[in-house]
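In case you want the letters, here they are:
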Amino acid sequence: MSREAWDSGTYGRESRGQLHHRVPDLGALELLLAVARHGSLGAAAREVGITQPAASSRIRSMERQLGVALVDRSPRGSRLTDAGALVTDWARRIVEAAEAFDAGAQALRGRRDSRLRVAASMTIAEYLLPGWLIALRAERPDTAVSLQAGNSAVVAERLLGNEADIGFVEGLAVPDGLDGVVVAHDRLAVVAAPSHPWARRRAPLDPAELAATPLVLRERGSGTRQVLDAALSAHGGLAQPLLELASTTAVKAAAVSGAGPAVLSELAIAEELASRRLVAIPVRGVQLRRDLRAVWPAGHRPTGPARGLLSLTRAEPTG
């Protein structure tokens, strides 16, 4: 050992870093303990689920690693050497510590798997998540799920504040500080009550006319508003909203009542279109398609129930 290594304190770190090269693995130690219990290498091999030749090879490898003989083999059986008996005592403590470690890890996983906190933007929370959560319940009946609904900005805040395990957003991109994956696609539609003049027009709206018209809109920070702002930014931007509401349901109710035209997810208006309580207004020259994403804090991919939910959403067809 160099004086420099001793003075700098790197000797201890180097030794600790090489520990796994000098200490047998748990499988080898468990085999040695089985030999001590049975006095037979064959019986020990059967207990740990390997062949006798494999057990012999593992014992020899451990002896070379430690530099001492551990087992005397004879026709009458296998007997620990004095060094083997001492190593067996140490091995028992290591295996017991490993078992305690494993039990603690299982307890942590059990606590993690006992709950799932989901944050989702309004459209996903109302029209997609119920089906996903029912499927998750069938797979994980013991997991308690809580759902927090809000706009995409609120979902990001909850994830970054460790108030949710997984989130779902509807905006143009993954919010800052998060990673994500597209799980579905959606389109926005311009709709109005049948009594509105737009419901009787023959020609599609052009983007400038849509941008100049006061609309019933979601609040800033919502995925719907982000997509609409971006789509109309080159056409003068959105006019001052006629109404600005904090949920898809409220926007839809206002449009059905005749308050004014609105822009809503196609997921949210299928029933109203079918019953003619709302009419879809064609628009030309503007892209209102959007991606729906699962998101989580950057560098921390979902595990446990959150991973299970993510796998269920990815199984859904997207269009």
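Before reading on, note that the structure itself is shown above.
Presented here is a report on the structure given in the accompanying data block. Numbers given to residues run from 1 along each chain, matching the order in which its sequence is written. Residue-level local features of this predicted model are given only where pLDDT is at least 70; pairs of side-chain atoms are given and counted only at 80 or more, and the full residue set underlies all totals for whole chains, interfaces and linings. Excluding hydrogens and water, the side-chain figures rest on all heavy atoms present in the structure.

### A word on the overall build of the protein
Here is step 1 of the chain: The helix count covers DSSP runs of H or I at least four residues long, the strand count covers runs of E at least two residues long, and both are numbered beginning at the N terminus. Across its full length, the protein holds 15 helices and 11 strands.
Here is step 2 of the chain: Here the protein holds 319 residues, and 39% of them are scored as buried.
Here is step 3 of the chain: By definition in these notes, contact holds between two residues if any of their heavy atoms fall within 4.5 Å. Summarising the internal contacts of the protein: among those between residues at least 6 apart in sequence, 72% fall at separations of at least 24.
Here is step 4 of the chain: Note on areas: Shrake-Rupley with a 1.4 Å probe; residue coverage comes only from the protein chains shown. Total accessible area computed for the protein in this model is approximately 16,900 Å², and 52% of it derives from carbon and sulfur atoms. The cut-offs for exposure are 20% and 50% of the maximum accessible area for each residue type, with area from a 1.4 Å probe on protein chains only; residues under the lower value are buried, those over the upper are exposed, and the others partly exposed.

### Quick word on the side chain of Ser265
Here is step 1 of the chain: Relative to the helices and strands, Ser265 is located in strand β9 (residues 262–265).
Here is step 2 of the chain: The buried category is assigned to Ser265, whose relative accessible area is 1%.
Here is step 3 of the chain: The term polar contact refers here to a pair of N or O atoms within 3.5 Å; inside protein, the definition further demands a hydrogen-donor-capable atom paired with an acceptor-capable atom, and it admits residues adjacent in sequence only when both atoms are side-chain atoms. Of the polar contacts made by the side chain of Ser265, one reaches the backbone nitrogen of Leu267; its length is 3.0 Å.
Here is step 4 of the chain: In this view, Ser265 contacts Thr123, Asp186, Arg187, Leu188 and Arg290; residues no more than four positions away in its chain are not counted.

### Examining the side chain of Thr123
Here is step 1 of the chain: Among the secondary structure elements, Thr123 is positioned in helix α8 (residues 122–127).
Here is step 2 of the chain: Leave out the neighbours within four places in its chain, and Thr123 touches Leu128, Glu170, Thr248, Ser265, Leu267 and Arg290.

### Digging into the packing of aromatic side chains
Here is step 1 of the chain: Note on aromatic pairs: the rings of Phe, Tyr and Trp (six-membered ring only in Trp) are paired at centre separations within 6.5 Å, and the planes decide the class, stacked below 30 degrees, edge-to-face beyond 60, tilted for the rest. Here the structure, examined in full by the defined rule, presents one aromatic pair.
Here is step 2 of the chain: Judged by centre distance (5.4 Å) and plane angle (45°), the rings of Trp132 and Phe168 are tilted. Of the two residues, Trp132 is situated in helix α9 (residues 129–139) and Phe168 in strand β5 (residues 166–169); the sequence distance between them amounts to 36 residues.
Here is step 3 of the chain: By relative accessible area, Trp132 is classed as buried at 4%.

### Notes on α9
Here is step 1 of the chain: Within α9, the full set of buried residues consists of Leu129, Trp132, Leu133 and Leu136. Seen along its axis, α9 keeps its buried residues to an arc of 95°; they face one direction. Relative to its buried face, α9 has exposed residues pointing more than 90 degrees away, namely Ile134 and Ala138.
Here is step 2 of the chain: Where α9 is buried, its residues meet β3 (115–120), α8, β4 (144–149), β5, β6 (178–192) and α15 (304–314). Note that the arc is defined by the directions from the helix axis to the C-beta atoms.

### Considerations on the pairing of β5
Here is step 1 of the chain: Residues Ile166 and Phe168 point to one face of β5 and Gly167 and Val169 to the other, with burial holding for every one of them.
Here is step 2 of the chain: The sheet contact formed by β3 and β5 spans three bridges and is parallel. Each bridged residue has a counterpart across the sheet, and for Ala119 the counterpart in β5 is Gly167.
Here is step 3 of the chain: Note that β5 and strand β11 (residues 289–297) share three bridges and pair antiparallel. Being paired, for any two strands, means DSSP has found at least two bridges between them.

### Regarding the environment of Phe168
Here is step 1 of the chain: Phe168 gets classed as buried once you look at its relative accessible area, which sits at 0%.
Here is step 2 of the chain: Residues Phe168 and Leu310, 142 residues apart in the sequence, show an inter-C-alpha distance of 10.0 Å.

### Remarks on the packing of helix α13 (residues 248–256) against helix α14 (residues 266–274)
Here is step 1 of the chain: Packing of α13 against α14 brings their axes to within 11 Å, and their N-to-C directions diverge by 30°. Taken together, the axes of α13 and α14 lie roughly parallel to each other. Classified by chirality, the crossing of α14 by α13 is right-handed. In contact with Thr248, Lys252 and Val256 of α13, α14 contributes Ala268, Ile269 and Glu272.
Here is step 2 of the chain: Any residue outside Ala, Val, Leu, Ile, Met, Phe, Trp, Tyr, Cys, Pro, Asp, Glu, Lys and Arg is labelled polar, Gly included; the first ten of those are nonpolar and the last four are charged. In terms of residue class, the contact of α13 with α14 is made up of three nonpolar, one polar and two charged. Between N-to-C directions, angles cover 0 to 180 degrees, with each direction set by a line fitted to C-alpha atoms, over the stretch in contact for helices. For this classification, under 35 degrees means roughly parallel, over 145 means roughly antiparallel, 65 to 115 means roughly perpendicular, and everything else is oblique. Should the near helix be turned counterclockwise from the far one by less than a right angle, the crossing is left-handed, whereas a clockwise turn marks it as right-handed.

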